[in-house]
Each structure stands twice: as C-alpha cells, then as structure tokens.
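Examining the three-dimensional arrangement
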Amino acid sequence: MSTRTSGTPTPTQVVTLYLRAPDEKGASVVKTVQISAAPNAAPNVVGSPSGGEAILGRFYVWQQPLPALFSDPNGDALHVTVSGLPSWMNFTYMGDQATPQLRLDGQVPSIEQDGRVYPLTFTAVDTDGVANSVTINVTVRANRAPVVNYPCGWSLPWIRVG
C-alpha cells in the first residue's frame, strides 16, 4: 500500500509526517519525520579579484574560476553575465568544464586613453532567478619601460648615466 502526498510548503514551514509500517501479522511501527522548508538564498559573492591592467596595443586576457567570484548556498547552477564591457573586449562563460571559468579578452586599441578605468559588473543568477553582483575594475595603461630595482646597498659603478 502506498500513499502520495504533495504540496508546496511556505518558506520556513516545518512539515511533520507520520509514517506507519504494518507487517502481515498486524504489528506496526510509527516513525515521525519532520521536513523543514527554507527559502532559496541568493548566490554569494566570495571574492572581487583585480581586473588587472590592459596594455595599449596589446592583447588583454583575464580568466578566473567561477568559485573565485561566486558560490551558491543551495548548490544551484549559476548563469553569469557581465555588463560595462568596452567594445574591444569579449566575455566568455565556460560552464561546460569541471570548474566553470570566466574569461575576458580582447585587443586593446592603441588609441584608448591611458589610465581609463572600466568597471565591469558580473552578475550570477541561480536557477530560481535570484541574483547577486560584483564589480571589478580593468585599468588601461600605456606600455612602460621595465624598472630595475637593485637590492639595498648595491651599485653599479662602471655604468655612467648621461
């Protein structure tokens, strides 16, 4: 004998079920089971990594695993979008991997303004449509000559400047 019960509990509601199992001789046992319903929680922002620098005239790449930015307390799958992209930048959500990846890339035009900051907002939405966002900054920089840092107390007396 089986009985089917269905319904949708309200969030934070506790439902008590009494299960009775008789044997063929009429003896039975009753087991009480309580089920607590909880509302769906929004994805958590777990990090806000730097977007780094995009160098004028060079190809820019930024890639992070999804768990570096978001997690979902209910274990729901997340869909991620990004807003604020400049026209030269692309976003790819690689969700078909064991650990989903977020990737930004593109050729930085040499006519971009040095020092310009692009705030990029990533939004994660779970399967119930609940969302959360985090913003990272990508800063455009001109290519600069490398700087030599000598250890404290070192000098190169045989090199003349000027």
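Here is a short report on the structure shown in this document. None of these values were measured; they are calculated from a predicted model.

Rules used in this analysis
- Residues numbered from 1 in each chain as written.
- Predicted model: local features only at pLDDT ≥ 70, side-chain atom pairs only at ≥ 80, totals over all residues.
- Heavy atoms only, no water.
- Helix = DSSP H or I, 4+ residues; strand = E, 2+ residues; numbered from the N terminus.
- Buried < 20%, exposed > 50% of the residue type's maximum accessible area, 1.4 Å probe, protein only.
- Contact = heavy atoms within 4.5 Å.
- Areas by Shrake-Rupley, 256 points an atom, 1.4 Å probe, with all protein chains shown as cover.
- Salt bridge = Lys/Arg side-chain N within 4 Å of Asp/Glu carboxyl O.
- Phe/Tyr/Trp six-rings, centres within 6.5 Å; stacked < 30°, edge-to-face > 60°.
- Polar contact = N/O pair within 3.5 Å; in protein donor to acceptor, adjacent residues only side chain to side chain.
- Core = buried A, V, L, I, M, F, W, Y, C linked by side-chain atoms within 4.5 Å.
- Pairing = 2+ DSSP bridges.
- Axes fitted to C-alpha atoms, helices over the stretch in contact; angles between N-to-C directions.

Right, let's talk about the overall build of the protein chain for a bit. For the protein chain, the helix and strand inventory stands at 0 helices and 11 strands. Overall, the protein chain shows an N-to-C arrangement of helices and strands of β-β-β-β-β-β-β-β-β-β-β. In the protein chain, buried positions account for 24% of the 162 residues. For the protein chain, restricting intrachain contacts to residue pairs at least 6 apart in sequence, the fraction spanning at least 24 positions comes to 61%. Looking at the protein chain as shown, the accessible area adds up to about 11,300 Å², and 52% of this sits on carbon and sulfur atoms.

Per the counting criterion, the structure on display carries 4 salt bridges. Close ionic contact of E53 with R141 constitutes a salt bridge, the shortest N to O distance being 3.3 Å. Within this pair, whereas E53 is found in strand 4 (residues 53-55), its partner R141 is found in strand 11 (residues 131-141), the two being separated by 88 residues in sequence.

Right, let's talk about the packing of aromatic side chains for a bit. Tallied over the full model, the rule gives 4 aromatic pairs. Here W62 and F122 contribute two aromatic rings whose centre-to-centre distance is 5.5 Å and whose plane-to-plane angle is 35 degrees, an arrangement assigned as tilted. Of this pair, W62 sits in strand 5 (residues 59-65) while F122 sits in strand 10 (residues 117-126), and the two are 60 residues apart along the sequence. Seen from their ring centres, W88 and Y118 are 6.1 Å apart, and the 80 degrees between their planes marks the pair as edge-to-face. Placement of W88 in the loop between strand 7 (78-83) and strand 8 (90-94) and of Y118 in strand 10 is noted, with a sequence separation of 30 residues between them. Exposure class is identical for W88 and Y118. Each is buried. What links up through ring pairs into an aromatic cluster is the set Y60, W88 and Y118.

In this structure, Q101 sits in strand 9 (residues 101-107). Polar side-chain contacts of Q101 include one of 3.3 Å to the side chain of Q63. A polar contact of 3.2 Å, which involves the side chain of Q101, links it to the backbone oxygen of T99. Not counting the four nearest positions on each side in its chain, Q101 is found in contact with Q63, Q64, P65, L66, T92, Y93 and M94.

Attention now moves to the environment of P43. Position of P43 relative to the elements: it lies in the loop between strand 2 (28-36) and strand 3 (44-45). For P43, a relative accessible area of 1% translates into the label buried. Measuring from C-alpha to C-alpha, the distance between P43 and T123 comes to 9.5 Å, with 80 residues separating the pair along the chain. In this structure P43 touches S71, D72, P73, L78, A124, D126, V130, A131 and N132, once residues within four positions along its chain are discounted.

Counting residues in hydrophobic clusters, the biggest one holds 23 residues, and the most contacted among them are Y60, W62, F70, W88, L104, L120 and F122. For this core, the elements supplying multiple residues, two or more each, are strand 5, strand 7, strand 9, strand 10 and strand 11.

Strands in a sheet are paired, the pairing made by backbone hydrogen bonds, and the direction either parallel or antiparallel. Here 4 strands make up an open sheet; going across it, the order is 4-11-10-7 and the pairing mixed. The sheet is open, and its two edges are formed by strand 4 and strand 7, each paired on a single side. Each strand of the sheet is rotated relative to its neighbour by a mean of 30 degrees, with strand direction disregarded.

Looking now at the sheet that holds strand 8. Judged by pairing direction, the sheet is antiparallel, and its 3 strands sit side by side in the order 5-9-8 without closing on themselves. The two strands at the open ends of the sheet, each matched to only one other strand, are strand 5 and strand 8. Taking the axes of each pair of neighbouring strands and ignoring which way they run, one obtains an average angle of 15 degrees across the sheet. Judged from the 5 bridges that link them, strand 8 and strand 9 form a sheet pairing that is antiparallel. By the bridge assignment for strand 9, M94 is matched with Q101.

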